[in-house]
Amino acid sequence: MQWRIKFCDQDYISPARTFVCLTQTTIMEKIHYKRFLLVKDNFYANPKEVIKAAKQADYYEPEHVTGFRSRTVYHEEGVKEKLEKILGISINRWDTDPIEENGVFYQGFSKGSRRETPGVHSDEPFNDITVLIYLTPDLPFDCGTSLWMHKQTGLTDPATPQDARRLKMKFSELKEMLEEDSKIRNKWVEIDRVGNRFNRMVAYPSGAFHSATNHYGSDMQNGRIYQTFRIGVDWKTLRLDQA
């Protein structure tokens, strides 16, 4: 899932978040997170029930946003508390509206009418944690998740005005370059990769540049299906480095 913040003459309104219209100045969310990549296998005790819900869901792709996702969320009883325990952090925002994408299912197909090319991006808000659960059995391992560094700029997280000054570029030009390069793999260095394994959980800061390593298949029977949680957290409570 990728969000784009652009200047007003390029007209973009997020369906899930409301942004101030950007004109002469740009409002930038300050990064508070510590970078991490966490993997846990066998996340769901009964993953067949989750797959059943995913296959019964209705999927759509909102205008201006990449990715077919379900119109409903799936929250197994106790999943919020389970995530707090695994992540070692307090959750202070737990959305239930599907538009906020906390618990929705996604399709990531490489063939057919819903074929999609994975692009490197950050999720909004940057200081959330993004959690993925892989839900298709027996996919190739290289259909997991990758974290990236932009070759030309060295950026691994969302660009800031300070980055633009360092690179002697306008902030708007820097953001536009990152957007244009998002689907050109040779513009990026893969710095981390998690292999796809059925019922595996992957978590990382939402702002970290990431993408699907590869998509797969063409439908709900053979394609790459996963669930996404996007959760607001209190970074002062992080206990990962004590685990």
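Residue positions within a chain follow its written sequence, with the count starting from 1. Reporting in this predicted model follows two pLDDT cut-offs: at least 70 for local features of residues, and 80 or more for side-chain atom pairs to be given and counted; totals over whole chains, interfaces and linings ignore these cut-offs and use all residues. Values shown for side chains rest on all heavy atoms present in the structure; no hydrogens or waters enter the calculation.

Colleague: Please give an account of unusual backbone geometry that cites residues and values.
Modeller: Residues Glu-124 and Pro-125 are joined by a peptide bond in cis, for which omega reads -10 degrees. The phi angle at Glu-101 is positive, at roughly 65 degrees, despite the residue not being glycine. By definition, any uninterrupted DSSP run of H or I lasting at least four residues is a helix, any uninterrupted run of E lasting at least two residues is a strand, and each is numbered from the N terminus. Topologically, Glu-101 is positioned in the loop between strand S4 (90–93) and strand S5 (104–108). Only protein chains enter the accessibility calculation, which uses a 1.4 Å probe; a residue is then buried when its area is under 20% of its type maximum, exposed when over 50%, and partly exposed in between. According to the relative accessible area criterion, Glu-101 is buried, its value standing at 2%. Even without a glycine there, the phi angle at Asp-138 is positive, about 65 degrees.

Colleague: An account of the confidence of the model for the protein is requested, with residue identities and associated values reported.
Modeller: Residue-level confidence of the predictor is summarised by pLDDT, bounded by 0 at the bottom and 100 at the top. Confidence along the protein averages 88 in pLDDT terms, with 87% of residues attaining 70 or more. Note on contacts: a residue pair is in contact if any heavy atoms of the two residues lie within 4.5 Å. pLDDT under 50 marks residues 1–26. Its contacts with residues more than four places away, or in other chains, come to 66 contacts.

Colleague: Account for helix H1 (residues 47–56), with residues named and values stated.
Modeller: For H1, the set of buried residues is Pro-47, Val-50, Ile-51, Ala-53 and Ala-54. With its buried residues spanning 160 degrees around the axis, H1 presents them on a single face. In H1, those exposed residues whose orientation departs by more than 90 degrees from the buried face are Lys-48 and Gln-56. Think of it as the arc spanned by the lines of direction from the helix axis to the C-beta atoms.

Colleague: Hey, could you go over the pattern of salt bridges for me, with residue numbers and the actual values?
Modeller: One speaks of a salt bridge when a side-chain nitrogen belonging to Lys or Arg is within 4 Å of a carboxyl oxygen belonging to Asp or Glu. Under the criterion given, the structure shown has 13 salt bridges. Between Arg-197 and Asp-41 there is a salt bridge, with its nearest N and O atoms 3.1 Å apart. Of the two residues, Arg-197 is situated in the loop between strand S8 (188–194) and strand S9 (201–205) and Asp-41 in the loop between strand S1 (38–40) and H1; the sequence distance between them amounts to 156 residues. Look at the salt bridges and you will find they share partners, linking Arg-69, Glu-101, Asp-123 and Arg-230 into a network.

Colleague: Account for the nonpolar core, with residues named and values stated.
Modeller: Note that soluble globular proteins tend to have their nonpolar side chains buried in a common cluster. Leu-83, Leu-87, Phe-105, Ile-129, Val-131 and Met-201 are the most contacted members of the largest nonpolar core, which totals 33 residues. Broken down by secondary-structure element, the contributors of at least two residues to this core are H1, helix H2 (79–87), strand S6 (129–134), S9 and strand S11 (224–234). Filtering out sequence-adjacent residues up to four positions away, Ile-129 remains in contact with Phe-36, Leu-87, Ile-89, Ala-203, Tyr-204, Ser-206, Phe-229, Arg-230, Ile-231, Val-233 and Trp-235. Core analysis: the next-biggest nonpolar cluster, separate from the first, contains 11 residues, Leu-155, Phe-171, Met-177 and Trp-188 among them. By convention a nonpolar core is built from buried Ala, Val, Leu, Ile, Met, Phe, Trp, Tyr and Cys residues, the set being connected through side-chain atoms within 4.5 Å.

Colleague: Now, about the environment of Ala-164: what can you tell me, with residues and values included?
Modeller: Here Ala-164 is to be found in helix H3 (residues 161–166). Excluding residues within four positions of it along the chain, Ala-164 makes contact with Met-169, Lys-170, Phe-171 and Leu-174.

Colleague: Describe in detail the pairing of S6, supporting the description with residues and values.
Modeller: In terms of burial, S6 is largely enclosed, as six of its six residues are buried. Side chains Ile-129, Val-131 and Ile-133 project from S6 onto one buried face, and the interleaved Thr-130, Leu-132 and Tyr-134 project onto a second face that is buried too. By definition, two strands form a pair when at least two bridges between them are found by DSSP. Where S6 and S9 come together, five bridges link them in antiparallel fashion. Note that in S9 the partner of Leu-132 across the bridge is Val-202. Alignment of S6 against S11, held across six bridges, turns out to be antiparallel. Paired with Ile-133 across the two strands is Gln-227, which belongs to S11.

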